[in-house]
Every structure is written in structure tokens, then in C-alpha cells.
Amino acid sequence: MSKLALYGGPKIRSQYFPGYNTIGNEEMDSVQKVMKSGKLSAFIGGWHPQHFGGEKVQEFERSWSEVFSIKYSVSVNSASSALIIALGAIGIEPGDEVIVTPYSMCISATAPLFYGAIPVFADLDSETFILSYEEIEKKITRRTKAIIIVDIFGQPYEVDRINKLAKDKGLYIIEDASQAPMAKYKNNYAGTFGDLGIFSFNYHKHIHTGEGGMIVTRSKELEERCQYIRNHAEAVIEGSGHENLVNMLGYNMRMGEIEAAIGLEQMKKIDDLISKRLENVQYFEDEIKKFDFVNIYHKNTDITHVYYKHAFRYREDKIGVHRNKFVEALKAELMPFELREEEGISISAGYVKPLYLLPLFQQKIAIGSKGYPFNQAKSEPNYKLGSCPIVEEAHFKSLICHEFIVPSMKKEDIDDVVNAFEKVYDNREALNE
Ligand SMILES: *Cc1c(COP(=O)(O)O)cnc(C)c1O
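This structure is a prediction, so every number in the text was calculated from the model and none was measured.

Undergrad: Any chance you could explain the site of the ligand here in plain terms?
TA: The local shell around the ligand holds 15 residues, among which Ser 80, Asp 176, Ser 200, Asn 202 and Lys 205 are the closest. Contact between the ligand and Gln 179: an oxygen atom at 2.9 Å from a side-chain N or O atom of the residue. At 2.7 Å from an oxygen atom of the ligand is found a side-chain nitrogen or oxygen belonging to Ser 200. When the ligand sits alone it has 380 Å² of accessible area, and the protein chains cover 94% of it. In terms of residue class, the shell around the ligand is made up of four nonpolar, nine polar and two charged.

Undergrad: Is there a simple way to think about the sheet that holds strand S7 (residues 188-189) in this case?
TA: Through backbone hydrogen bonds, the strands of a sheet pair up, either in parallel or in antiparallel fashion. Sheet architecture is open: three strands sit in the order S7-S6-S11, paired in antiparallel fashion. The open sheet has two free edges, formed respectively by S7 and strand S11 (303-304), since each of these has just one partner strand.

Undergrad: Can you help me understand the side chain of Lys 205 in this one?
TA: Take Lys 205: it is sitting in the loop between strand S8 (196-200) and strand S9 (213-217). Although Lys 205 is buried, it forms no salt bridge, and the closest oppositely charged side chain is Asp 176 at an N-O distance of 7.0 Å. Setting aside residues no more than four positions away along its own chain, Lys 205 makes contact with Ser 178, Ser 200 and Tyr 308.

Undergrad: When you look at the environment of Asp 123 in this model, what are you seeing that I'm missing?
TA: Positionally, Asp 123 belongs in the loop between strand S3 (118-121) and helix H5 (133-139). Taking relative accessible area as the criterion, Asp 123 reaches 3% and is therefore assigned buried. Sequence separation between Asp 123 and Tyr 103 is 20 residues; the distance between their C-alpha atoms is 8.9 Å. Once residues lying within four places of it in the same chain are set aside, the contact partners of Asp 123 are Leu 131, Ser 132, Glu 135, Cys 388, Pro 389, Ile 390 and Val 391. Looking at Asp 123, its side chain comes within polar contact range of the main-chain nitrogen of Ile 390, at 2.7 Å. Separated by 3.0 Å, the side chain of Asp 123 and the backbone nitrogen of Val 391 make a polar contact.

Undergrad: I tried to follow a negative patch on the surface on my own but got confused; where do I start?
TA: Taken together, the side chains of Glu 338, Glu 341, Glu 342 and Glu 343 make up a negatively charged region of the molecular surface. Position of Glu 343 among the secondary structure elements: in the loop between helix H11 (323-333) and strand S13 (347-349). Given a relative accessible area of 41%, Glu 343 falls into the partly exposed group.

Undergrad: Would you explain the environment of Val 418 in this entry?
TA: With respect to the secondary-structure elements, Val 418 resides in helix H14 (residues 411-426). We classify Val 418 as buried; its relative accessible area is 2%. Sequence separation between Val 418 and Leu 330 is 88 residues, and the spatial gap between their C-alpha atoms is 10.0 Å. What Val 418 contacts, discounting residues up to four positions off in sequence, is Phe 284, Glu 287, Ile 288, Lys 290 and Phe 291.

Undergrad: When you look at helix H8 (residues 233-240) in this model, what are you seeing that I'm missing?
TA: In an α-helix, one turn spans 3.6 residues, which is why side chains three or four residues apart end up on the same side. Along H8, the residues that are buried comprise Ala 233, Val 236, Ile 237 and Ser 240. Buried positions in H8, seen along its axis, are confined to an arc of 110 degrees and lie on one side of it. The inward-facing, buried residues of H8 contact helix H7 (220-230). Immediately downstream of H8, the backbone of Gly 241 shows phi near 85 degrees, a positive value.

Undergrad: How should the sheet that holds strand S4 (residues 144-150) be read in this particular structure?
TA: Across the sheet, which stays open at both edges, the seven strands sit in the order S1-S9-S8-S5-S4-S2-S3 with mixed pairing between neighbours. Where the open sheet ends on each side, the last strands, each with one partner, are strand S1 (72-76) and S3. The average angle at which neighbouring strand axes cross in this sheet is 25 degrees, direction not considered. Its contacts with the sheet place helix H2 (residues 55-67) against S1, S8 and S9, and it is angled at close to 135 degrees to S1.

Undergrad: Sorry if this is basic, but what is going on with unusual backbone geometry here?
TA: A negative phi holds for most residues other than glycine; trans holds for most peptide bonds. Backbone torsion omega between Tyr 372 and Pro 373 reads 0 degrees, so that peptide bond is classified as cis. For Pro 373, the position within the fold is in the loop between helix H12 (359-363) and helix H13 (389-398). Within the chain, Phe 129 stands out as a residue other than glycine whose phi angle is a positive 65 degrees. With respect to the helices, strands and loops of the structure, Phe 129 is situated in the loop between S3 and H5. Since its relative accessible area comes to 1%, Phe 129 is described here as buried. Positive phi outside glycine occurs at Asn 187, with the angle close to 75 degrees.

Undergrad: Would you explain the state of the cysteines in this entry?
TA: What we call a disulfide is simply a covalent bond connecting the sulfur atoms of a pair of cysteines. In this structure the tally under the stated criterion is zero disulfides. Between Cys 401, a cysteine without a disulfide, and Cys 106, which holds the nearest cysteine sulfur, the sulfur-to-sulfur distance is 16 Å.

Undergrad: Where do I start with the packing of aromatic side chains in this structure?
TA: Each aromatic ring pair is summarised here by two numbers: the centre-to-centre distance and the angle between the ring planes. A complete count under the given rule lists 33 aromatic pairs for this structure. Judged by centre distance (5.4 Å) and plane angle (40 degrees), the ring pair of Phe 60 and Phe 201 falls under tilted. Remark: Phe 201 occurs in the loop between S8 and S9 and Phe 60 occurs in helix H2; sequence separation between them is 141 residues. Consider the rings of Phe 291 and Phe 421, whose centres lie 6.3 Å apart with planes at 25 degrees: the pair is stacked. With Phe 291 in the loop between helix H9 (257-288) and strand S10 (294-296) and Phe 421 in helix H14, this residue pair connects regions lying 130 residues apart in the sequence. Within the aromatic cluster, the residues linked to one another by ring pairs are Phe 284, Phe 291, Phe 293, Phe 312, Tyr 314, Phe 326, Phe 421 and Tyr 425. It is Arg 340 that lies over the ring of Tyr 20; its NZ or CZ is 3.8 Å from the centre.

Conventions and cut-offs
- Residues numbered from 1 in each chain as written.
- Predicted model: local features only at pLDDT ≥ 70, side-chain atom pairs only at ≥ 80, totals over all residues.
- Heavy atoms only, no water.
- Near = heavy atom within 4 Å.
- Polar contact = N/O pair within 3.5 Å; in protein donor to acceptor, adjacent residues only side chain to side chain.
- Areas by Shrake-Rupley, 256 points an atom, 1.4 Å probe, with all protein chains shown as cover.
- Nonpolar A, V, L, I, M, F, W, Y, C, P; charged D, E, K, R; others polar.
- Pairing = 2+ DSSP bridges.
- Helix = DSSP H or I, 4+ residues; strand = E, 2+ residues; numbered from the N terminus.
- Buried < 20%, exposed > 50% of the residue type's maximum accessible area, 1.4 Å probe, protein only.
- Lys, Arg positive; Asp, Glu negative; His and termini not counted.
- Salt bridge = Lys/Arg side-chain N within 4 Å of Asp/Glu carboxyl O.
- Contact = heavy atoms within 4.5 Å.
- Patch = residues over 30% accessible without salt bridge, like charges linked within 9 Å, V, L, I, M, F, W, Y side chains within 5 Å.
- Charge placed at Lys NZ, Arg CZ, Asp CG, Glu CD.
- Arc of directions from axis to C-beta.
- Axes fitted to C-alpha atoms, helices over the stretch in contact; angles between N-to-C directions.
- Disulfide = S-S within 2.5 Å.
- Phe/Tyr/Trp six-rings, centres within 6.5 Å; stacked < 30°, edge-to-face > 60°.
- Lys NZ or Arg CZ within 6 Å of the ring centre and 35° of its normal.

Here it is in C-alpha cells:
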């Protein structure tokens, strides 16, 4: 039994894992055409046919709508922008409450603050790490306006029950499907289940354009409002004849022609990229299930998961080693991905710290220095440690997530990861010395 790399022994894997790069000649050719045309963006920030952007931007939006079988798509420069725009579009007011998840990229919870609205954290379903019906229900008040629900790690939320709850209570649903493009619930695509859905095309996502995002909706009214907010609503509204001025203070959150050209090519690859991920997950899970300290988590029924990350629960009681120590030892045995060396080894104890623990929420300082908008809340928002026990248990004790299932991973590469689990398990006594 060889010595743990953590204590100076040889690593299981000393070469980088194969880098995944989804950009190929197709994207390069397409970008070159845009470059040759000289038209890198065709947006005009006023009431004008070009208020809606250039040729590639509009083509990307049409293709997205077609693939996702949804009426309208509005491209933007990031999913973060998409969330802010979506909240503006539903007519959010200062002091309104928005139910959010503590376990996501930070903007999924901070977006309401940009409109002076109050993020109210609800706890997660302990198996899927998505906002649970029961926890959402507990947080609804007369001031609740919307729920931002995140299809975390690539799995759609419990659509039927939660949509019915939102409908009964008159709440908007904004679905953050940044991690779940092409994931399905009963044969429909994630992102299309709320009043508005959003996607991300940043460098880390399933498909990317460097930076970029998309908003989808079935509502003509919401689509128009998103388009206005994306591109200087205040200068557009008069000419357009649109009379509702609420939140028609716009931004420049437009996508360029180059990103749209890349996006159009990336879309053609997404099915293959996802099938490869699913194959890798299957292989990894089949190998790893021999370890009783690994609990592959439950998936909702009627869904297709697309595994932005692969997450599972670690059972300290079965192995007798603290999770953080285990992950530390595991990391020492493995290597980063090529091209992403600086990101470190792609496995972590927990995901992101529960978002209400960020200094912004702890000190209630977001806009200006006097506590706005938290001081607009009807009742003091609870951002205390202990307020969402399920996410805290997962994050601080039992969740492990990793990306050793990305499309570039081959079976031999996954074998190395599994061998590292085995080696650390066999040496578990050494970890407690
Ligand atoms: C990546 C991500 C975002 C933000 O995406 P950007 O395009 O980088 O702004 C938002 N929500 C979730 C769940 C994400 O994973």
C-alpha cells in the first residue's frame, strides 16, 4: 500500500487531466466572417429597427427559441445581466421580497438587491440541493413577488408542484437554468418552466461564448420589457409607444455579433457534449458505488440531468474521516485539467458557502452605506448562521462535488480518480493520526 501523496508518497496521477475545449474551426470560421464584415455589433440604443441587434444576434435568438420550443429569446452579455433584467421586467418594486436559494452562483441571490428588493433565503431539498416546495412555502409572505429557482448542478426543479404553488400565490418564477441547458422534466427543457428562464454562456458552462447569456419567455410583454432594459429602455420607450415606465431605466447588457456567431456554432455541439457527460457519470457512478461512504444522491423523477457538476454525499460515519481531510488527501493524489491549471484540482468539499453568510448579507450593506435596501424590509431578514440547516449540513459536512465527468475525460482518466478514492480509503487510518 503506497503512502498518501498528502504525506509525501507518489501521486496516483501526475499528468494533467485532458483539457476540454469546445471551440474548434467552426467557431473560428464563423468569427472570421463577422470580423471581415467589420460589423461587430449592430445595436442602436434608441427606437430603431436596430434596437434589436445585428444579424447574428437575432439569428442566435431565433435558433435558441426553436431548439427550446419557446416563443421568445433575448440574448444578453451574461446570465448575471439576464437575472437583473428579468427582475426588472416583472415590475419588481423596492421592498418586494424574492425567495432565493443559498446554494448557487451569488447573483442568483443578489439580483433582487439591484432593484431595492429583499432576498429571502429558503432551504433546500436535502437530496437534490434545489429549493424545496416545503421550504419555499414557509417563506411566502404578502410581500413576496417572485421566486428565483436554480436548477443547480444540472437538474430541473420539481416543476409541477412548485409552479402550482407559485400560481396559487400569484408569484412569478424566474428559472436560472445556467447549469442546466437541455436538462429535461417530462420532455420539456429546463429554462422554459418559469415566467422567464435564463442561461449562461460563460467560459465554464456546457457551451460558451466567452461571456454571454440568454433569457427566454412565452410572454410578448415580458420579452419586450427585457429587450428594452437590455438596451437603454429610457431612450426607447417614447418611440416604441410602450407606456409602462416601471423599471424602464435601461442598461447596456447587449451581446456582440462575435459572441452570437460563436453561440450559433456551440449550439450544434451541445447534444454530443451532454451525451459524453452522461456516459462519464454512468461510468463513474458504477465504479464508485462500491464505496459505502459515497451516497449518490437521489434524482427527481421524470428528469434528465445534464451534470454541470457531479455531486454526492460523503458519509463520515462510514469511513471515520472528516470530509475535508478526505478531500484534501484526494486532491493531493490528483491533478488539474490542462488549460485550466490555475483553477486547481476540480473536486471540492462543499460547493459555495451558503450565500447569506457573505459579508454583504451579514453586514447588510449593499447599495450605499446606510443599509439600503435591507432597511426597506417589513420584517428583519434572517441571514444568520443556522437559518438554513439543510444547506449548512451539506456544505460544511457532507457534500462533495467535482467535474471529473466533463466531455474530455476518458475511462482511463476516470479510473485514476476512482483509484485515488480507493487509495485514500485504504489509508484512512493514517488520516486520523
Ligand atoms: C454561471 C452562473 C450564473 C452567472 O452566469 P454569468 O453568465 O457568468 O453571469 C448564474 N447562475 C448560475 C446558477 C450559474 O451557474
